[in-house]
Amino acid sequence: MARKLNLKDYISDDTLDLSVNDLQEVPVKEIAAFPKVTSLDLSNNKLTTLSKSFATSLTHLVKLDLARNELRELPKNFGCLVNLKHLDLYKNKIETLPLSFANLKNLRWLDMKDNPLEPHWQHFVGPCLNAQDCKAAAKNVVNIAGMMNEEISTEVLKTQAKQKQIEENEMKEQAKKKEKQKEKKKRKNAAKLAEVSPKDVIENGSVSEVETFKPEIEELNELHVKNNTQSTVGGKLRKVISGLVWSVIYCLVVFTLALLLLKLVNEPTHNRIMHRLNKYAHSAVAHLPGSFRLGWHKFSNRLLNNIKYVSQYTVTFWKMLYKSFLNGYAFLISDPSVDVWLNMVIHSFLTLYIRICELLGMFFSTVVTLIPIS
């Protein structure tokens, strides 16, 4: 039980001095009855906690001294003391501060020496060895509490948004499940009605009922067959189109590579084929409309020029690479036996390459002879 005090005996002007009274509880209601008191001294008592009503009932306080008590924490709503300018918490057992300190915008003095503060709070509070340190401590604590409040608010909003998204997804999943259950139920009912024989219908005397459901069953079956037919036709059409596209791409790639190889093996035949292709392209384009013909002419010329440039650069690149390899090999290795072995391998590879190119040349020469020249 808190010892009853006659507070009028402890009031001097706007200051209420209740220090050194062995108080274990703060008489909040009694103090609140003196709204003109702006300075409250509760130092050198045995206070371990402050009630929630402390901050909400004593908002008129400007100066508060709680030094040399046994406070382990401050109430979370301590920031309700919005008029507070001077706060002394010297020599208590406080480890952390409530984030409501962000509301103490008028705080200009804070002394928290000899408190087992957590490292991050201790860093911002500082040593408080002089007036300048105490002023800096008040400013730092209010700012840091505000920043932490903003971070927490942002995290709360993000968590709420995620929770809302999860709830919406769950509602959609439930709606899908309900739709699936309805569909299953309809199918089961349709299947049961379809299994009813005419004999059973006559015996049960429910001919009209079955006749009523019969059109619905037939309609469902027709719709199911129609959907299956459409999906089958659509799937086959997609497969045919994709197959044609890939076939055209494959043929173009193979044809381009064959032209490049032919350029390396037999350049006159390559030039003759390119000339004929150009000629056929011009004759085909001549039957097309003017605008399309012009576009096709530009496209074909650009394509042929690109093929020509690519073939030239490819030949030059391989020649340069081959010469660089031989020069490097000659520079690094001087053993005659290794040189003989390398020449044998190169000769075998070139022989095989020439045979392949001859086969390709024969193929293209056959193709060229089959194509009539207009």
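Residues numbered from 1 in each chain as written. Predicted model: local features only at pLDDT ≥ 70, side-chain atom pairs only at ≥ 80, totals over all residues. Heavy atoms only, no water.

Caption draft 1: Highlighting the overall build of the chain. When you go through the chain residue by residue, the secondary structure sums to nine helices and six strands. Summed over its atoms, the accessible surface of the chain is roughly 26,800 Å², and 61% of this surface lies on carbon and sulfur atoms. (Helix = DSSP H or I, 4+ residues; strand = E, 2+ residues; numbered from the N terminus. Areas by Shrake-Rupley, 256 points an atom, 1.4 Å probe, with all protein chains shown as cover.)

Caption draft 2: The side chain of aspartate 111, seen in detail. Position of aspartate 111 among the secondary structure elements: in strand S6 (residues 109-111). The buried category is assigned to aspartate 111, whose relative accessible area is 8%. If we ignore the near neighbours within four places in the chain, the residues touching aspartate 111 are Leu87, Asp88, Leu89, Tyr90, Cys128 and Cys134. (Buried < 20%, exposed > 50% of the residue type's maximum accessible area, 1.4 Å probe, protein only. Contact = heavy atoms within 4.5 Å.)

Caption draft 3: Looking closely at a positive patch on the surface. A grouping of Lys172, Lys176, Lys177, Lys180, Lys184, Arg187, Lys188 and Lys192 is seen on the molecular surface, where their side chains present a positively charged patch. Looking at where lysine 188 falls in the secondary structure, it is placed in helix H4 (residues 131-195). (Patch = residues over 30% accessible without salt bridge, like charges linked within 9 Å, V, L, I, M, F, W, Y side chains within 5 Å. Salt bridge = Lys/Arg side-chain N within 4 Å of Asp/Glu carboxyl O. Lys, Arg positive; Asp, Glu negative; His and termini not counted. Charge placed at Lys NZ, Arg CZ, Asp CG, Glu CD.)

Caption draft 4: Spatial organisation of the packing of aromatic side chains. Applying the stated criterion across every chain, the model contains two aromatic pairs. With a centroid separation of 5.6 Å and an interplanar angle of 15 degrees, the aromatic rings of phenylalanine 78 and phenylalanine 101 are classed as stacked. Residue phenylalanine 78 is located in the loop between strand S4 (63-65) and strand S5 (86-88), and its partner phenylalanine 101 is located in the loop between S5 and S6; the two are separated by 23 residues in the primary sequence. Across the pair, phenylalanine 101 and phenylalanine 78 agree in class, each one buried. (Phe/Tyr/Trp six-rings, centres within 6.5 Å; stacked < 30°, edge-to-face > 60°.)

Caption draft 5: Structural context of the sheet that holds S4. Read across the open sheet, the six strands follow the order S1-S2-S3-S4-S5-S6; overall the sheet is mixed. Two strands in the sheet have a free side with no partner beyond their single neighbour: strand S1 (11-12) and S6. (Pairing = 2+ DSSP bridges.)

Caption draft 6: Representation of the pattern of salt bridges. The final tally for this structure, using the stated rule, is one salt bridge. Its salt-bridge partner being aspartate 111, residue lysine 113 comes within 2.9 Å of it at the nearest N-O pair. According to the relative accessible area criterion, lysine 113 is partly exposed, its value standing at 26%.

Caption draft 7: Fine view of the nonpolar core. Grouped together as the largest cluster of nonpolar side chains are 45 residues, with contacts concentrated most on Leu40, Leu42, Phe54, Leu64, Phe78 and Phe101. Listed by contribution, the elements that provide at least two residues to this core are helix H1 (28-32), helix H2 (52-57), helix H3 (119-125) and H4. Among the elements that line this core, the one with the most residues is H4, at seven residues. Beyond its immediate sequence surroundings of up to four residues, phenylalanine 101 is in contact with Leu74, Phe78, Leu87, Leu107, Val141, Val142 and Ala145. (Core = buried A, V, L, I, M, F, W, Y, C linked by side-chain atoms within 4.5 Å.)

Caption draft 8: Fine view of unusual backbone geometry. Of note in this structure, valine 20 is not a glycine but carries a positive phi near 55 degrees. Mapped onto the fold, valine 20 is located in the loop between strand S2 (15-17) and H1. Under the relative-accessibility criterion, valine 20 is labelled exposed at 60%. Non-glycine residue asparagine 44 carries a positive phi angle of around 55 degrees. Judged by relative accessible area, which is 31%, asparagine 44 ranks as partly exposed.

Caption draft 9: Structural context of the confidence of the model for the chain. For the chain, per-residue confidence averages 80 on the pLDDT scale, and 78% of positions sit at 70 or higher. Per-residue pLDDT stays below 50 along residues 197-215; that stretch engages in six contacts with residues further than four places along the chain or on separate chains. (pLDDT = per-residue confidence, 0-100.)

Caption draft 10: Highlighting the side chain of asparagine 45. With respect to the secondary-structure elements, asparagine 45 resides in the loop between strand S3 (39-41) and H2. Assessed through its relative accessible area of 6%, asparagine 45 is described here as buried. Only 3.1 Å separates the side chain of asparagine 45 from the backbone oxygen of leucine 18, close enough to count as a polar contact. For asparagine 45, the side chain forms a polar contact with the main-chain nitrogen of aspartate 22, separated by 3.0 Å. (Polar contact = N/O pair within 3.5 Å; in protein donor to acceptor, adjacent residues only side chain to side chain.)

Caption draft 11: Spotlight on the environment of phenylalanine 255. With respect to the helices and strands, the residue phenylalanine 255 is situated in helix H6 (residues 207-265). Each residue touching phenylalanine 255, except ones within four places of it in the same chain, is listed here: Leu277 and Phe364.

Caption draft 12: Molecular detail of a nonpolar patch on the surface. A surface patch of nonpolar side chains, amounting to about 690 Å² of accessible area, comprises Leu237, Ile241, Val245, Trp246, Ile249, Val253 and Leu257. Mapped onto the fold, isoleucine 249 is located in helix H6.

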